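As a plain string of letters, each chain reads:
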Amino acid sequence: MTIINLYMKKLILPVCMLLAAHAGAQLNIVPMPAAVTMGKGYTVIKEPVGFIIYDFDETDTDDNDGSRMFREYLAKQYGIKKIKEGDSRSYGLPTEIHYGTPDSQQAKGSYELKIEPKRIYIKGDAMGRFYAFQTLKQLITVNAKKEVTVPVCTINDYPRFAYRGMHLDVARHFFSAEYVKRYIDYLAFYKFNTLHWHLTEDQGWRIEIKKYPKLTEVGAWRNGTIIGRYPGTGNDNKPYGGFYTQQQIKEIIQYAADRHITIIPEIELPGHSSAAIAAYPELSCFPDEKTGIPGDMISEKSKAATGKLVQETWGVFEDVFCPSENTFTFLENVLDEVMALFPSKYIHIGGDECPKEAWKKSPFCQQLMKDKGLKDEHELQSYFIQRIEKYINSKGRQIIGWDEILEGGLAPNATVMSWRGEEGGIAAAKQKHNVIMTPGSHCYLDHSQTVNEDSVTIGGYLPLEKVYSYEPVPKELNEAEAAYVLGAQGNVWTEYITNPSKLEYMIFPRMTALAEVLWSPKEKRNWKDFERRLPQVVKNCDNWGANYSRAYFDIRATVAPAPDYNGVLWKLESNQPGAKIYYSIGKKNPAGTYREPVLVRGTYVVNGMAAANGRQGGNILSQAFNFNKATGKKITLASQPSAGYPGNGAFTLVDGVQNEKGFARSGEFLGFGGTDCEALIDLGTPQSITSIVVHSLRQQASWIWQPLSVSVMISADGTNYKEIGLTDDFVKKENGRGTMTISFDANQARYVKVKIENWGNIPAGNPGAGNKAWLFVDEIEVK
């Protein structure tokens, strides 16, 4: 595989990161093969190289087994251009590469790679041979004599999961056809076999449909885009858009097929359909109503417009497809052209985040529900999905939908893509439906990957280690149910990913961790060994001219209570071998060499930095501590937060670290899904207090609501409590953060019990209406 360098970006790296040599019997391959037997010495690949076919199955061609691409790779990367072809005869060439079919029936994609002095043997079906060549590329090193070498070894390898996917949203931000091919190259190198291509959204329709030209003439373009993280600071007023012609799509599909990657198209329905409705307003329940875009987010051009618009901001919108015969005819015609282009077994139809408000207000929808005997709008959505499924099934295809398609009854043959945690996937597998796991907690590569993130992301916190730790088969499934888990997928939503460099920064190196999760046997996965192989991953990116995140090399900081609950301990760690860490507290104290956790007992800004081989590694870490009477004190919770947003446990609420970036640093919050947060703080001794301040988050587009109320009780002995205040007044600050304060006359208290009430069900007219709200709590101050 030859990857075209679109640009080069040089990054300062520790010297150790630039080394990529084999260490004894250790191979620098990602994903790690199932079985490796090391031999002695190396084989030198030098001209002329002979590619020799033997034991070849006449029904199988070598057009896409990777041999041609490997020859191109040798020529481009190493200048090895003298190539000879032949049959089973031996040419006695300096290097011979024999390839053919496997000796016995094996899992699809299995291969054997045997490297001997002067000879390399590759066995497998066409897909298996292709994967063998990807492994062979990773084995190549250049020695001190500038010889191209590979170690003598035997590798027997096969994939753990049949579905190994990556996703790309080109609807929020558009990526050229040429770049999509480059993205496919990345996937192929790490043995992914599926690209989930998100082609339609509220913010843009990206696929040419000849029967409906307005989908790209109108629906592919928006008049502007919000600036910054939602709700943003205005609109940039810059027209934005793009689409793929059907010819471009055919070329991309073939490009992927040559690399054994199936592309699954996604056509969103019934929600996330603003772009299609802008092109054809009659698809809406209320075609004469203007599209609603908040006044502080809308472009100047759209302010003056009437009628339907392509959305210019992010989130979930009420204007969805009307379940009319006209809509179904439209969608069937669209899907006909989509299925004519894409040979994939699956067609993704979305099915997620579909507000029901328009259907509730629509006389047509209410009458349809009566006619069909549907008890509510969730069953109407199920009716919509099942009708589309029947049509797609009639064409010999099957649907995939996000886990919301479970609502109101699952379509009979549907495959569920579980994104809202694993619950949807577990439920579907227990109903004997195929499942693809893609929970936001481990698989959303658009989430922040460092607490020091210097660019806008959608939020969340997903470090490399957490991606690697993911196990796609939930423990709640028995062996029979687990068989329905086809695999997993990494998702890349592009609200805040506007260009290829940012996209690569978000996927590398996290995508490679997911590749190993999906390919390698569970028992072969080893985080420490993956860490050892990371320098080769980085070198691959450098060779391709691809951008990547260095978050793994940032200092890691954790905050813990001091042993006597008098202050906090700031613990620093670095992943860089041999790194020294330096720190400072405030402006007046001298910097020092870090040797043990730093004791902090007041309101300070502390800084840390790691250096290795005389160079700074990662970003400088700066942390502001804001002390109050509760900081560092003992705290317990009546109920635990969600497993997806555990923060640093209960201590998160009294660690002195106040969130400044909202959901972008969700690790600084405790997240409660539909439940209250009740905390008990022990101040150590009875003392006078005058107010309680609760810091929380409101980001309604993400279903996160401010507390419904905060109440406080105090006690001197931990037994007898009295209530001293209650409030529902949320004072908003920046980035969705806010506070709720209870002030009172001075009271003597040792124990402070704070109950923070969850909002409950999300009100109608809001994203996630009818679902339980999230409660995100950051810090509790006692003054």
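Residues numbered from 1 in each chain as written. Predicted model: local features only at pLDDT ≥ 70, side-chain atom pairs only at ≥ 80, totals over all residues. Heavy atoms only, no water.

A.B. asks: Sorry, what's going on with the side chain of arginine 533 here?
C.D. replies: Mapped onto the elements, arginine 533 comes out in helix H18 (residues 527-544). Taking relative accessible area as the criterion, arginine 533 reaches 0% and is therefore assigned buried. Every residue in contact with arginine 533, bar those within four places of it in the chain, is listed here: Leu27, Asn28, Ile29, Val30, Met32, Tyr468, Glu516 and Asn526. (Helix = DSSP H or I, 4+ residues; strand = E, 2+ residues; numbered from the N terminus. Buried < 20%, exposed > 50% of the residue type's maximum accessible area, 1.4 Å probe, protein only. Contact = heavy atoms within 4.5 Å.)

A.B. asks: I tried to follow the environment of valine 467 on my own but got confused; where do I start?
C.D. replies: Structurally, valine 467 can be placed in helix H14 (residues 464-468). As a C-alpha pair, valine 467 and threonine 512 span 45 residues in sequence and 9.3 Å in three-dimensional space. Aside from chain neighbours lying at most four places away, what touches valine 467 is His442, Leu445, Leu462, Arg510, Ala513, Leu514 and Val517.

A.B. asks: Where do I start with unusual backbone geometry in this structure?
C.D. replies: Negative phi is the rule for most residues except glycine; trans is the rule for most peptide bonds. For the bond running from tyrosine 230 to proline 231, omega is 5 degrees, close enough to zero to count as cis. Along the polypeptide, proline 231 turns up in the loop between strand E13 (221-222) and strand E14 (240-241). Here the bond from phenylalanine 508 into proline 509 is cis, since omega is 5 degrees, no more than 30 degrees from zero. Positive phi values are uncommon outside glycine, yet histidine 272 reaches one of about 50 degrees. For histidine 272, the position within the fold is in the loop between strand E15 (262-269) and helix H6 (274-279).

A.B. asks: Explanation requested: the pattern of salt bridges in the structure shown.
C.D. replies: Close approach of charged atoms allows side chains of opposite charge to pair. Scanning all chains against the criterion turns up 28 salt bridges. Among the salt bridges present, the one from lysine 181 reaches glutamate 178, with a minimum N-O distance of 3.4 Å. With lysine 181 and glutamate 178 both in helix H3 (residues 177-189), this residue pair falls three residues apart, about one helical turn. Classification of lysine 181 by relative accessible area gives buried; the value is 15%. Among the charged side chains, a salt-bridge network with shared partners connects Asp169, Arg172, Glu201 and Glu495. (Salt bridge = Lys/Arg side-chain N within 4 Å of Asp/Glu carboxyl O.)

A.B. asks: How should I be thinking about the sheet that holds E15 in this particular structure?
C.D. replies: Hydrogen bonds along the backbone pair up the strands of a sheet, which may run parallel or antiparallel. Strand order in the closed barrel formed by eight strands is E9-E10-E15-E16-E17-E18-E19-E20, and the pairing between neighbours is parallel. The mean angle between the axes of side-by-side strands here comes to 30 degrees, regardless of whether they run parallel or antiparallel. By the bridge criterion, five bridges tie strand E9 (residues 163-169) to strand E10 (residues 194-198) in an arrangement that is parallel. Across the sheet, aspartate 169 pairs through a bridge with histidine 198, a residue of E10. (Pairing = 2+ DSSP bridges. Axes fitted to C-alpha atoms, helices over the stretch in contact; angles between N-to-C directions.)

A.B. asks: Would you take a moment to explain the sheet that holds strand E21 (residues 556-561) for this structure?
C.D. replies: Strand order in the open sheet formed by three strands is E21-E22-E25, and the pairing between neighbours is antiparallel. Sheet topology places E21 and strand E25 (598-600) at the edges, where each strand pairs with a single neighbour. Put simply, the sheet's adjacent strands are angled 30 degrees from each other on average, direction ignored. Inspection of the sheet shows strand E22 (residues 568-573) paired to E25 by three bridges, in the antiparallel sense. Looking across to E25, one finds that tryptophan 570 is bridged to valine 598.

A.B. asks: Quick question: what am I supposed to make of helix H10 (residues 363-372) here?
C.D. replies: Count 3.6 residues to each turn of an α-helix, and residues three or four apart come out pointing the same way. Among the residues of H10, those classed as buried are Cys365, Leu368 and Met369. In a view along the axis of H10, the buried residues occupy a sector of 100 degrees, so they form one face of it. Set apart from the buried face of H10 by more than 90 degrees, the exposed residues are Pro363, Lys370 and Asp371. For H10, the elements touching its buried residues are helix H9 (357-361) and helix H11 (377-394). (Arc of directions from axis to C-beta.)

A.B. asks: I'm lost on the confidence of the model for the protein chain in this one. Help?
C.D. replies: Low pLDDT marks stretches whose predicted atomic positions should not be read closely. Overall, the prediction assigns the protein chain a mean pLDDT of 90, with 93% of residues at 70 or greater. Scored below 50 in pLDDT, residues 1-25 shows 67 contacts in the model against residues more than four places distant or in partner chains. (pLDDT = per-residue confidence, 0-100.)

A.B. asks: It is not clear to me how the packing of aromatic side chains should be interpreted in this structure. Could you clarify?
C.D. replies: Aromatic ring pairs are reported here in terms of the distance separating the ring centres and the angle at which the planes meet. In total, this model carries 37 aromatic pairs according to the counting rule given. For the ring pair tyrosine 73 and tyrosine 78, a centre distance of 5.9 Å and an interplane angle of 70 degrees mean the geometry is edge-to-face. By relative accessible area, tyrosine 73 is classed as buried at 10%. The class of tyrosine 78 is partly exposed, set by a relative accessible area of 25%. (Phe/Tyr/Trp six-rings, centres within 6.5 Å; stacked < 30°, edge-to-face > 60°.)

A.B. asks: Before we go on, may I ask you to explain the side chain of asparagine 747 in this structure?
C.D. replies: Residue placement: asparagine 747 occurs in strand E35 (residues 737-757). Residue asparagine 747 is classed as buried on the basis of its relative accessible area of 15%. If we skip the residues at most four places from it in the chain, asparagine 747 touches Gln687, Ser688, Ile689, Ile714 and Lys722.

A.B. asks: Looking at this structure, I do not really get helix H8 (residues 325-341). What am I missing?
C.D. replies: With 17 residues, H8 extends 25 Å from end C-alpha to end C-alpha; this agrees with the ideal 24 Å at 1.5 Å per step. The complete set of buried residues in H8 reads Thr327, Phe328, Phe330, Leu331, Asn333, Val334, Leu335, Glu337, Val338, Met339 and Leu341. (Expected span 1.5 Å × (residues − 1).)

A.B. asks: Honestly, the environment of tyrosine 190 in this entry has me stumped. Any pointers?
C.D. replies: Within the secondary structure layout, tyrosine 190 lies in the loop between H3 and E10. Owing to a relative accessible area of 1%, tyrosine 190 belongs among the buried residues under this scheme. Along the primary structure tyrosine 190 and glutamate 453 are separated by 263 residues, whereas in three dimensions their C-alpha atoms are 26 Å apart. Dropping the residues within four chain positions of it, tyrosine 190 is found in contact with Val30, Pro31, Gln138, Phe508, Met511, Thr512, Ala515, Val537, Asn540 and Trp544. In terms of polar contacts, tyrosine 190 uses its side chain to reach the side chain of asparagine 540, at 3.0 Å. (Polar contact = N/O pair within 3.5 Å; in protein donor to acceptor, adjacent residues only side chain to side chain.)

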